[in-house]
Amino acid sequence: MEGRGSWQVGLQRPRRLRATAAMRDLAAETDLTAARLLQPLFVVPGQGVRRPIGSLRGQDHLSVDRLPEVVEPLLEAGVGGVVLFGQPPAGAKDAEGNAALDPDGAVPRAVRLLKERYPEMWVATDVCLDPYTSHGHCGLVDGERILNDETLPRLARMAVLHAQAGADAVAPSDMMDGRVGAIRTALDAAGLTDTAILAYTAKYASSLYAPFREAEDSAPAFGDRRSYQMDPRNGREALREALLDMAEGADMLMVKPAGPYLDIVARVAAAADRPVFAYQVSGEYAMLVAASEAGLIDYDAALLESAVGIRRAGAAAILTYACLDLARLLERGRWRPARPPLAR
Ligand code: PBG
């Protein structure tokens, strides 16, 4: 016999939980809210600058005075915070990345302005030398060798500078060994015990950073970053990095990129006793934009799916260039159709 209740269909009907929007919302295992999203922002020296970044649709280079134009809509949308990336003045790059230690650099000034105007906003800063070095590497170099231990004091000084400006968290993205411990020690020695460390724990040597490097003018002048960033073939190694960063005092761990590394997000989240963030990087965003502009996928739907997938894998928060787009979609209640008014 065919039809209703036949045992061939089975006693189990998972579709009951998918039958209506209301049922699906109640059964959903994952939530996504604007408060879980962090917006990367590119601050530059100068005045009155708001210059669109060609490689990243909708993103701008901003001088400090124009930050509020971009930050206020983010605050209104309920976004969880911002992560600041800096640029030195033209011609100020050198082999040691000294411009990174300028107390009047774009990042410290941006932090001071943001914390003064919007004290409740969560502000983190990227700590890394690459936009400031003439060779574009994240550490000091000796010939073509990237120096580890010699780089640590500079990263620590940069972190202290950002923390003194008022940053809630500093986010070292350099992948030098021991940098979390060096930064924690320096912060504490400066009395900055409340500043958190968001460690880029598992940062892979990825092709997906290309649009960011164009924006930051930070592509390495020689070689690549494979002697310090992680090998995409490795998963267990991320657990080693996670254990080290936790032992050194990291408050939050990050996996980057996000989409192709969701297994790493899940494994690190399972192994860690603290929040794991994931960075949907420039290339992931650019792929969504390009494919939708080519008419191949629906931007809104694909964006939401990518973000909820990162949350489902175990990320507490997501760094993404699409914060405002996501906040708009979430507010509209993308998961269910517009609610009809109640009949009376
Ligand atoms: C380096 C840094 C990079 C990104 C964040 N910090 C680039 C790199 O390692 O070359 C990439 C972020 C993105 O692609 O969105 N300090």
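These numbers come from a predicted model, not from an experiment.

Chemist: Would you explain the pairing of strand S11 (residues 276–279) in this entry?
Modeler: Here S11 shows a buried face lined by Val-276 and Ala-278 and a second buried face lined by Phe-277 and Tyr-279. Note: strand S10 (residues 252–256) against S11, 3 bridges, orientation parallel. Directly across from Leu-253, in S11, lies its bridge partner Val-276. Chirality of the crossover, the property in question, places the unit of S10, helix H8 (residues 262–271) and S11 among those that are right-handed. As paired elements, S11 and strand S12 (residues 317–319) share 3 bridges and run parallel to each other. Looking at S12, one finds that Ala-278 is bridged to Ile-318.

Chemist: Would you explain the site of the ligand in this entry?
Modeler: Taken together, 17 residues form the shell around the ligand, and within it Lys-203, Arg-213, Lys-256, Ser-282 and Tyr-321 come nearest. For the ligand, an oxygen atom lies 2.8 Å from a polar atom in the side chain of Lys-203. Between the ligand and Tyr-321, the relevant distance is 2.6 Å, taken from an oxygen atom to a side-chain nitrogen or oxygen of the residue. Taking 400 Å² as the accessible area of the ligand by itself, protein coverage stands at 100%. Split by residue class, the shell around the ligand holds 8 nonpolar, 3 polar and 6 charged.

Chemist: Is there a simple way to think about unusual backbone geometry in this case?
Modeler: Backbone phi values are negative for most residues with the exception of glycine, while trans is the configuration of most peptide bonds. Between Lys-256 and Pro-257 the backbone carries a cis peptide bond, its omega angle lying at -10°. A positive phi angle, near 70°, is found at Met-175, a position not held by glycine. Among the residues examined, Met-175 registers a relative accessible area of 4% and is labelled buried.

Conventions used here
Residues numbered from 1 in each chain as written. Predicted model: local features only at pLDDT ≥ 70, side-chain atom pairs only at ≥ 80, totals over all residues. Heavy atoms only, no water. Buried < 20%, exposed > 50% of the residue type's maximum accessible area, 1.4 Å probe, protein only. Helix = DSSP H or I, 4+ residues; strand = E, 2+ residues; numbered from the N terminus. Pairing = 2+ DSSP bridges. Right-handed = clockwise from strand over helix to strand, strands pointing away. Near = heavy atom within 4 Å. Polar contact = N/O pair within 3.5 Å; in protein donor to acceptor, adjacent residues only side chain to side chain. Areas by Shrake-Rupley, 256 points an atom, 1.4 Å probe, with all protein chains shown as cover. Nonpolar A, V, L, I, M, F, W, Y, C, P; charged D, E, K, R; others polar.

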